[in-house]
Amino acid sequence: MADSLPTEFDVVIIGTGLPESILAAACSRSGQRVLHIDSRSYYGGNWASFTFSGLLSWLKEYQQNSDSGDKSTATWQDLIHETEEAITLHRKDETIQHTEMFCYVSQEMDDNIEEIDAVQKNLSLVTSGTLTKPLDSACLSKETHSYSTSYGMPAKETPKNDGEMLLEVTGIAETQVKEKYCGDKIFIHTLADGDKDENKPIVEDNTDKPKRNRITYSQLVKEGRRFNIDLVSKLLYSQGLLIDLLIKSDVSRYAEFKNVTRILTFREGKVEQVPCSRADVFNSKELTMVEKRMLMKFLTFCLDYEQHPDEYQDFTQCSFSEYLKTKKLTPNLQHFVLHSIAMTESSCTTIDGLKATKNFLQCLGRFGNTPFLFPLYGQGEIPQCFCRMCAVFGGIYCLRHKVQCLVVDKESGRCKAIIDHFGQRINAKYFIVEDSYLSEEICSNVQYKQISRAVLITDQSVLKTDSDQHISILIVPPAEPRMCAVRVTELCSSTMTCMKDTYLVHLTCSSSKTAREDLESVVKKLFTPYAETEIDKEERTKPRLLWALYFNMRDSSGINRSSYSGLPSNVYVCSGPDCGLGNEHAVKQAETLFQEIFPGEEFCPPPPNPEDIVFDGDDKQPEAPGTNNIIVTKLESSE
């Protein structure tokens, strides 16, 4: 039980975000006694994923949390000795602000859905668009994917269709993944043969296509468990630090991934697909033959630009966009490289732009024809995978477990213990705390950045093709010079993040205003509100917007330890999600803190071979018959 926890640990970790979860797994794997606690009722913190109704409940909790403080009456002052002092922790989470939610579909209720009534009572921020006419847009192409659950995954609902394989894949150079390979243990869902001509444009022919079913708010709630909505939108670089760590530590067996199938760009008011691989470049109809040769020459240079310093040394003080102009690239190619390959701001330096381009190119071909992977069931699965590894090696977990204060020894200045909301004192050598738990006194000198986020549910892709099962990333350049580009990630139903016939769209950028003010203009460029399309029958080129949520999230990355006031020497701080596309900052931070705490220890080493495990008190433990055969069979069956 939570009120009878052990009182002695080596490491206490407060918060279950990605860097904290990686640290918990690393500490537990190295033999440390780990207590991992979170005041929230779910894993992941601001890295979490929610079902549709779960997200609405989360919004209600945040609204209530901001209105009233912690009313806990547990007394802990008597547990503080004369030679000690207490550092109180934050009693409410203030990392999410300016939440605004809009519903554009009909909110007519079905009598047989009990859950809707309960959820509807929570919606104080919903703006509705009432509709009485059914949709009459053409139906998207028939789904050709199936879903399967790999060995080691938690049990979840998995709809069944034919046409998709679950593979362990690495080193794939083809644009379509077909071969089986068991080197790097990353599970990848691949496209079926029927999806080969995915770039072929659709010829509109509404005579033979049935009308799409009308989508209502009650249907979104009824199918709410089909949604897994990420609070932070990120992708995994196929040669990135997180993928390498997942493979090295064997945590990859707990998760499944899909290739990001398309990289898109927004140019001259249109969404276009960006050629990535050599085959894509030479098959592209958007580029002339001269542009294709120019692009391949420049990308070849970027792969080993360090070997040719004379090519860029004179431009190190210039922006990357200015440098691209000197390479005699056409405006079309400059746009592709800057916004869809390097994926950087126009103002970034030449060196940073070349590094980003090289990183993009090095990640191509490992698991597909784009550099990115997306975890099935959402980004929130990744912290849980590392938590599972920690638990396997003896870590203890407690959710809904609040910490009142840190107990600090006055003489040494080191933290000795925590006191929880039950009044229990728990001692440890090291303490790792997520930034949002620190009090205003400790963070008085910290200057936080903000991330603007939007989550949309739409009825079709921003770029329709023969297949409706694409995962796409799109960079929308800033409309004004001082504004930031907006990153758009579009997820299909085969990612297990949304219901069939819908898409889940994430928008992210650095904040300059509220999330709605930063992102609404981009939403209007790409989508049409559902209610407006019923009035204006000609607005059929854009996807219809069914539901939208805007919010700002604190970005605590890049905060120097010296910015925190009065932090004990053995208390380490993990930041929340950053605005970047990948997870490199979280992995680097976790590894850096681990090496500070346990210098010389290996960070997340591979798990031991079952044959090498020796049980205490029985050095001659016989090998379990058939153990290796069982393991091999399960891995092969997952292929």
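None of the values given here were measured: they were computed from a predicted structure. (Residues numbered from 1 in each chain as written. Predicted model: local features only at pLDDT ≥ 70, side-chain atom pairs only at ≥ 80, totals over all residues. Heavy atoms only, no water.)

1. Focus: the overall build of the protein chain
Operational definition: Note on conventions: DSSP H or I runs of at least 4 residues are helices, E runs of at least 2 residues are strands, and numbering of each starts at the N terminus. Only protein chains enter the calculation, and the probe is 1.4 Å; a residue is then buried if its accessible area is under 20% of its type maximum, exposed if over 50%, and partly exposed in between. Contacts were defined at the residue level, with two residues in contact if any of their heavy atoms lie within 4.5 Å.
Along its length, the protein chain carries 15 helices and 25 strands. Buried positions account for 55% of the 639 residues belonging to the protein chain. Taking the contacts inside the protein chain whose residues are at least 6 apart along the sequence as the reference set, 74% of them involve residues at least 24 apart.

2. Here we look at the pairing of strand β13 (residues 372-375)
Successive side chains on a regular strand alternate, one facing one side of the sheet and the next facing the other. Threshold: Two strands are counted as paired when DSSP detects at least two bridges linking them.
With burial as the criterion, each face of β13 is covered, one bearing Phe-372 and Phe-374 and the other bearing Leu-373 and Pro-375. With 2 bridges connecting them, strand β9 (residues 236-237) and β13 associate as antiparallel partners. Following the sheet pairing, Leu-236 is matched in β13 by Leu-373. Relative to β13, strand β10 (residues 257-259) runs antiparallel, the two being bridged by 3 bridges. Its bridge partner lying in β13, Lys-258 is registered against Phe-374.

3. Brief notes about the pattern of salt bridges
Keep this limit in mind: Any carboxyl oxygen of Asp or Glu within 4 Å of a side-chain nitrogen of Lys or Arg constitutes a salt bridge here.
Per the counting criterion, the structure on display carries 21 salt bridges. With a shortest N-O distance of 3.1 Å, Arg-33 and Asp-10 are connected by a salt bridge. Taken together, the residues span a long stretch of sequence, with Arg-33 in the loop between α1 (18-29) and β2 (34-37) and Asp-10 in the segment before β1 (11-14) at a distance of 23 residues. With relative accessibility at 7%, the residue Asp-10 sits in the buried group.

4. Side note on helix α10 (residues 350-363)
Along an α-helix, a turn takes 3.6 residues, which lines up residues three or four apart on a common side. Note the following rule: The length a helix should cover is 1.5 Å for every residue beyond the first.
In this model α10 runs 20 Å from its N-terminal to its C-terminal C-alpha over 14 residues, within 8% of the 20 Å that 1.5 Å per residue would give. Buried residues along α10 sit against β9, β11 (262-267), α7 (289-303), α8 (320-326), α9 (331-341) and β13.

5. Side note on the nonpolar core
Threshold: We define the nonpolar core as a collection of buried residues of types Ala, Val, Leu, Ile, Met, Phe, Trp, Tyr and Cys that are connected through side-chain atoms lying within 4.5 Å of one another.
Ranked by internal contacts, the top residues of the largest apolar core, which has 100 residues, are Phe-52, Phe-298, Phe-320, Phe-372, Leu-507 and Trp-547. Here this core gets 8 residues from one element, more than from any other, and that element is strand β24 (residues 544-555). Aside from chain neighbours lying at most four places away, what touches Phe-372 is Leu-235, Leu-236, Tyr-237, Lys-258, Asn-259, Val-260, Ile-263, Met-343, Phe-360, Ile-473 and Leu-581. Trp-47, Phe-367, Leu-373 and Tyr-397 belong to the second largest nonpolar core, which has 43 residues in total.

6. Quick word on the sheet that holds β1
Cut-off, in case you're wondering: To get an axis, a line is fitted to the C-alpha atoms, and for a helix only the part in contact is used. The angle between two axes follows their N-to-C directions and goes from 0 to 180 degrees.
A sheet is described by the order of its strands in space; here 5 strands give the open sequence β14-β2-β1-β18-β25, paired in parallel fashion. Either end of the sheet is taken by a strand with one partner, and the two such strands are β14 (396-398) and β25 (571-574). If you compare each strand with its neighbour and ignore which way they point, the axes differ by 15 degrees on average. Judged from the 4 bridges that link them, β1 and β2 form a sheet pairing that is parallel.

7. Re the sheet that holds strand β15 (residues 403-409)
Within the open sheet, the 4 strands sit side by side as β4-β15-β16-β17. Their pairing is antiparallel. Among the strands making up the open sheet, the edge pair consists of β4 (84-88) and β17 (425-427). Mean inter-strand twist for the sheet, computed between neighbouring axes without regard to direction, equals 30 degrees. By the bridge criterion, 3 bridges tie strand β16 (residues 415-420) to β17 in an arrangement that is antiparallel. Pairing of Ile-418 across the sheet is with Ile-426, part of β17.

8. Focus on the environment of Leu-364
Looking at the secondary structure, you find Leu-364 in the loop between α10 and β13. Under the relative-accessibility criterion, Leu-364 is labelled buried at 19%. Considered as a pair, Leu-364 and Tyr-237 are 127 residues apart in the sequence and their alpha carbons are 9.2 Å apart. For Leu-364, the residues in contact, after removing those within four places along its chain, are Cys-276, Asn-369, Thr-370 and Pro-371.

9. A word on helix α12 (residues 515-526)
Applied cut-off: The directions considered for the arc run from the helix axis to the C-beta atoms.
Compared with an ideal rise of 1.5 Å per residue, which puts 12 residues at 16 Å, α12 spans 17 Å between its outermost C-alpha atoms and is within 8% of the ideal. Of the residues making up α12, those classed as buried are Ala-515, Asp-518, Leu-519, Val-522, Val-523 and Leu-526. The arc that holds every buried residue of α12, seen down its axis, measures 115 degrees, which confines them to one face. Away from the buried face of α12 by more than 90 degrees, exposed residues Glu-517 and Lys-524 are located.

10. Brief notes about the side chain of Ser-494
Just so we agree on the cut-off: N or O atoms within 3.5 Å of each other form a polar contact, as long as, within protein, one can give a hydrogen and the other can take it, and as long as residues adjacent in sequence are counted only when both atoms are side-chain atoms.
Topologically, Ser-494 is positioned in the loop between β21 (486-491) and β22 (503-510). Side-chain polar atoms of Ser-494 contact the side chain of Gln-469, separated by 2.9 Å.

11. With respect to the packing of aromatic side chains
Formally: Stacked, edge-to-face and tilted labels apply to pairs of Phe, Tyr and Trp rings (six-membered ring for Trp) whose centres lie within 6.5 Å, assigned for plane angles under 30 degrees, over 60, and everything in between, in that order. Consider the ring centre and the ring normal. A charge sits over the ring if Lys NZ or Arg CZ is within 6 Å of that centre and within 35 degrees of that normal.
Under the definition given, this model contains 18 aromatic pairs. Consider the rings of Phe-52 and Trp-547, whose centres lie 5.1 Å apart with planes at 70 degrees: the pair is edge-to-face. Residue Phe-52 is found in helix α2 (residues 52-67), and its partner Trp-547 is found in strand β24; the two are separated by 495 residues along the sequence. Exposure class is identical for Phe-52 and Trp-547. Each is buried. Over the face of the ring belonging to Phe-301 we find Lys-327, whose NZ or CZ atom lies 5.0 Å from the ring centre.

12. Comments concerning the environment of Leu-376
Structurally, Leu-376 can be placed in the loop between β13 and α11 (381-392). Residue Leu-376 is classed as buried on the basis of its relative accessible area, which comes to 5%. When the C-alpha positions of Leu-376 and Ala-255 are compared, they lie 7.4 Å apart, and in sequence the two are 121 residues distant.

13. Notes on the confidence of the model for the protein chain
Do not read the fine detail of predicted coordinates wherever pLDDT is low. Basically, it comes down to this: The pLDDT score gives, residue by residue, the confidence of the prediction method on a 0 to 100 scale.
Per-residue confidence for the protein chain gives a mean pLDDT of 79, with 75% of residues at or over 70. Below a pLDDT of 50 lies the segment residues 111-210, which in the model reaches 266 contacts outside its immediate sequence neighbourhood of four places, other chains included. Overall, residues 620-639 carries pLDDT values under 50, and its contacts beyond four positions in sequence, including any with other chains, amount to 17 contacts.

14. Here's the deal with unusual backbone geometry
Non-glycine residue His-98 carries a positive phi angle of around 55 degrees. As for its position among the elements, His-98 is in strand β5 (residues 96-103). In this model, Lys-328 sits at a positive phi of 60 degrees, which is unusual for a non-glycine residue. Mapped onto the elements of the fold, Lys-328 is located in the loop between α8 and α9. Classification of Lys-328 as exposed rests on a relative accessible area of 70%.

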